[in-house]
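Structure at a glance
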Amino acid sequence: MAGLRQRIDVAEAAALVADTMPRWPAVRVPLAAALDGVLREPVRAERDQPPFDRITMDGIAFAGAAWAAGRRRYRIAGTQAAGAPALQLAAPEDCLEVMTGCVLPLGTDTIVPVERIRREDGWASVEAGYPAAPRQFVHPRGSDHRQGAELLAAGTRIGVPEMAILTIGGSAEVAVARPPRIAVVSTGDELVDVGLPIADFQIRSSNDRALEAALRRRGFHGVERRTLADDPALLQAEIGRLHRDCDLVILSGGVSMGQFDHVPATLAQLGVAAIFHKVLQRPGLPLWFGRDGAGKAVFALPGNPVSSLVCLVRYVVPGIEVALGATPRAVPRVRLAEAVEFKADLTCFQPVTLDWSPTGEATARPRATNTSGDFVALGGTDGFVELPRGQDLFPAGYAASFYAW
Ligand code: AMP
Ligand code: MG
């Protein structure tokens, strides 16, 4: 492996994450448990779809040859219901009543909707001037797709329509990426969780709540949340246990240059080698990323609340998607509603609120934050835009990549 990279660009850091993340295993689950999962095998059509010439109207069916010969009155010889095998038309003067979703009866090819017929003494007369046409109201067998056609590719995220499409594969189970067990660990002697007594010199631990929420919102529910003091022995024991038991450990705090920033040294002792440390970005410069000899990755995010959340969304979530085997999605772009000035030679992650213009464009309204600790200013924002390093002024209308919280 190449050595530790330091003070690198955002794009390089993102690429290192994508190249380093392991591939988590797949599991077979019942369809009901597949929602929000990443498909790990292609799903193919069990049969032609539709599997038979399917009638799309309630009405009558008869032979087109009889219609062409001028017949407009048919004897009702039976009823073809959905879910019943195809009946056979016995005589040219006969018709069969047909129901939406049923098989086209054998010997018939022409359908007239029930609204266009009149029934009398077991006969059906077609409305004068009605323009019946063969195979109208027939959804032909295999016209949506053929047996064996790939309906969903491996890497597809299973959302709402995909749940229905899976049934056309015919299997009650499907292979998806195993839902990951993720640990979100805040470190800092000053941190106290809500509900516990707190001293003047302590602060409420907030990062872990936002990080967990961002993961849960994306369908990752196996999140364990912990707060740990800046004590090297404790950190080594607890992070070691979580690293062993979980697929991914996400730390926040303790990655800067302070005397109590023990996280990089602790990880090194646990055999997790640094791949990069420090990214040319604000917020989030101290970001740390590494992996152990078996390929398991660890993210150590800066402790400032805005930094930790931005880094989770910009690096950890895409890394998780790689590990799940998800097909990458294009990052959406939105236009700045106002100019943003940013003088530092760093990539700027600017929190924004999205507005939808009457012409259908998303515009991003920047929200000022005092510092990377000012997470209260994020209230009501939708995410952030990425304003690349090397430019000081981003005018109104500038198209920027947008990342949702
Ligand atoms: P650190 O990265 O440990 O130097 O922390 C940077 C700043 O973020 C410090 O002011 C910490 O108190 C604060 N911080 C670290 N972790 C958390 C957390 N879980 N919740 C709120 N603030 C935090
Ligand atoms: Mg700290």
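Above this note sits the structure.
Presented here is a report on the structure given in the accompanying data block. Keep in mind the model is a prediction, meaning the values are calculated, not measured. (Residues numbered from 1 in each chain as written. Chains lettered and ligands numbered in written order. Predicted model: local features only at pLDDT ≥ 70, side-chain atom pairs only at ≥ 80, totals over all residues. Heavy atoms only, no water.)

A few words now on the site of ligand 1. What surrounds ligand 1 is a group of 14 residues, the closest being Glu 190, Ser 205, Ser 206, Gly 254 and Gly 303. Taking Ser 205, its side chain carries an N or O atom lying 3.1 Å from a nitrogen atom of ligand 1. For ligand 1, an oxygen atom lies 3.3 Å from a polar atom in the backbone of Asn 304. Here the shell around ligand 1 is built from residues that sort into 3 nonpolar, 8 polar and 3 charged. (Near = heavy atom within 4 Å. Polar contact = N/O pair within 3.5 Å; in protein donor to acceptor, adjacent residues only side chain to side chain. Nonpolar A, V, L, I, M, F, W, Y, C, P; charged D, E, K, R; others polar.)

Its location among the elements puts Ile 111 in strand S8 (residues 110-113). Sequence separation between Ile 111 and Phe 137 is 26 residues; the distance between their C-alpha atoms is 6.6 Å. The contacts of Ile 111, once residues within four sequence positions are left out, are Ile 55, Met 57, Ile 60, Ala 61, Val 98, Leu 104, Gln 136, Phe 137 and Val 138. (Helix = DSSP H or I, 4+ residues; strand = E, 2+ residues; numbered from the N terminus. Contact = heavy atoms within 4.5 Å.)

Quick look at the side chain of His 277 now. Inspection of the secondary structure assignment puts His 277 in strand S19 (residues 272-279). When near neighbours in sequence (up to four residues on either side) are disregarded, His 277 contacts Leu 4, Arg 5, Gln 6, Arg 7, Val 255, Pro 264, Pro 286, Leu 287 and Trp 288.

Within this structure, the stated rule accounts for 28 salt bridges. Notably, a salt bridge pairs Arg 178 with Asp 247, separated by 2.8 Å at the nearest N-O pair. Of this pair, Arg 178 sits in the loop between strand S13 (173-177) and strand S14 (182-187) while Asp 247 sits in the loop between helix H5 (232-245) and strand S18 (248-252); the two residues are 69 residues apart in sequence, bridging distant segments of the chain. Of the residues examined, Asp 247 reaches a relative accessible area of 9% and is grouped as buried. A single salt-bridge network, built from bridges that share partners, covers Glu 224, Arg 226, Glu 238, Arg 241 and Asp 245. (Salt bridge = Lys/Arg side-chain N within 4 Å of Asp/Glu carboxyl O. Buried < 20%, exposed > 50% of the residue type's maximum accessible area, 1.4 Å probe, protein only.)

Below, the discussion takes up the side chain of Thr 20. Tracing the chain through its elements places Thr 20 in helix H1 (residues 10-20). When its relative accessible area of 8% is taken as the criterion, Thr 20 is described as buried. At a separation of 2.5 Å, a polar atom in the side chain of Thr 20 contacts the main-chain carbonyl oxygen of Leu 16. Not counting residues up to four positions away in its chain, the partners in contact with Thr 20 are Ile 275, Phe 289, Arg 291 and Gly 295.

Keep in mind that these numbers describe shape and distance, not what the molecule does.
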